[in-house]
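Examining the three-dimensional arrangement
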Amino acid sequence: MQPTLVAVAHGSRDPRAPHAVEALLDRVRELRPRLDVRLGHIELNRPLLGDALREVSGSAVLVPLLLGRGHHVKRDLPASAARAAHLRTRIAAPLGPHPLLVEALYDRLLEAGWTPGAAVVLAAAGSRDPDSAADTRRTAALLSERLGGIAVVAAYASAAGPTVPDAVRALAARGHHRVAVASYFTAPGRFATQCAAAAPGPAAAPLGAHPALARLVLRRYDAALAASVAEERRELATA
């Protein structure tokens, strides 16, 4: 029996957020109908991750619907997995950085009206963890390549700098007077709305239920399973 895929969303007070996440998971289920796909939130929305894990038996792969390494991925998810002592759990990598994520960002920018030549601010939530910032900068570099080498600057809603307005001003100082904002958020929420409001030009929607994002969720699930099998084989070989 395949391990249950437990998608882990952050949670938001924005009522649109849970609907966006469920729409994404519906796409995942369409791609792999026989896979048990469930949802747990770190905070603010039900079901909370601990409650979701209590409803699962056997084994599970936790796939964070988060876009980089940070406190939630490094601390909260392992702690939740450890508390679910009745389960054999694996934790997948966060969604970013990855080329599929860049495809989703590219499409959202086109939908918002981005045109070739306009610089882009990649607006993210922000984290004090340097690995999270490195992941966001890597995504910005990949997005720049996808856009033909146009300037893409990472900016943050909290905990790190620059802010979106600061990034827009810095781009203007470099001669970029057409600037769009790419929303580096899985679902709508306060930070996504705040960043979009600071856009001087087109502001892309959050990634939501983009088909590339659904494929990426399954890629992370499969990679976690493959890593677990490889680890088991190494342990058997050295036993």
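Refer to the structure presented above.
Everything numeric here is computed off the predicted structure, so don't read it as measured data.

**A look at the overall build of the chain**
Along its length, the chain carries eight helices and seven strands. For 239 residues, the compact-globule estimate of 2.2 N^0.38 gives 18 Å, and the chain sits close to it at 18 Å. Each of the three principal axes of the chain carries a C-alpha extent, and together these read 60 × 40 × 35 Å. Relative to its 239 residues, the chain shows a buried fraction of 50%. Across the chain, every contact between residues at least 6 apart in sequence was considered, and the portion connecting residues at least 24 apart equals 77%. If you sum the accessible surface of the chain, you get close to 11400 Å²; carbon and sulfur atoms cover 53% of it.

**Description of the pattern of salt bridges**
On inspection of all chains with the given rule, the structure shows 13 salt bridges. Between Lys 74 and Asp 129 there is a salt bridge whose closest N-O contact spans 2.9 Å. In this pair, Lys 74 is assigned in helix H3 (residues 71-83) and Asp 129 in the loop between strand S5 (119-124) and helix H5 (130-146), connecting sequence segments 55 residues apart. In this structure Asp 129 comes out as buried when scored by relative accessible area, which is 16%. Between Glu 111 and Arg 108 there is a salt bridge, with its nearest N and O atoms 3.1 Å apart. Note that Glu 111 and Arg 108 are positioned in helix H4 (residues 99-112) at a spacing of three residues, about one turn of the helix.

**Observations concerning H3**
For H3, which comprises 13 residues, the first-to-last C-alpha distance of 17 Å matches the rise-based estimate of 18 Å (1.5 Å per residue) to within 8%. Where H3 is concerned, the buried positions are Val 73, Leu 77, Ser 80 and Ala 81. In this structure, the buried side of H3 is in contact with strand S1 (4-9), helix H2 (49-54), strand S3 (59-64) and strand S4 (88-91).

**A look at the sheet that holds strand S6 (residues 152-156)**
Pairing in this open sheet of three strands is parallel, and the strands run S6-S5-S7 from one edge to the other. In this open sheet, the two edge strands, each paired with only one partner strand, are S6 and strand S7 (179-183). For this sheet the average axis-to-axis angle between neighbouring strands, irrespective of direction, equals 30 degrees. Of the strand pairs in this sheet, S5 and S7 are connected by five bridges, and their pairing is parallel. Bridge assignment links Leu 122 to a residue of S7, and that residue is Ala 182. Packing against the sheet, H4 makes contact with S5 and S7, and its axis sits at approximately 130 degrees to S7.

Calculation notes
Residues numbered from 1 in each chain as written. Predicted model: local features only at pLDDT ≥ 70, side-chain atom pairs only at ≥ 80, totals over all residues. Heavy atoms only, no water. Helix = DSSP H or I, 4+ residues; strand = E, 2+ residues; numbered from the N terminus. Rg over C-alpha atoms; globule rule 2.2 N^0.38 Å. Buried < 20%, exposed > 50% of the residue type's maximum accessible area, 1.4 Å probe, protein only. Contact = heavy atoms within 4.5 Å. Areas by Shrake-Rupley, 256 points an atom, 1.4 Å probe, with all protein chains shown as cover. Salt bridge = Lys/Arg side-chain N within 4 Å of Asp/Glu carboxyl O. Expected span 1.5 Å × (residues − 1). Pairing = 2+ DSSP bridges. Axes fitted to C-alpha atoms, helices over the stretch in contact; angles between N-to-C directions.

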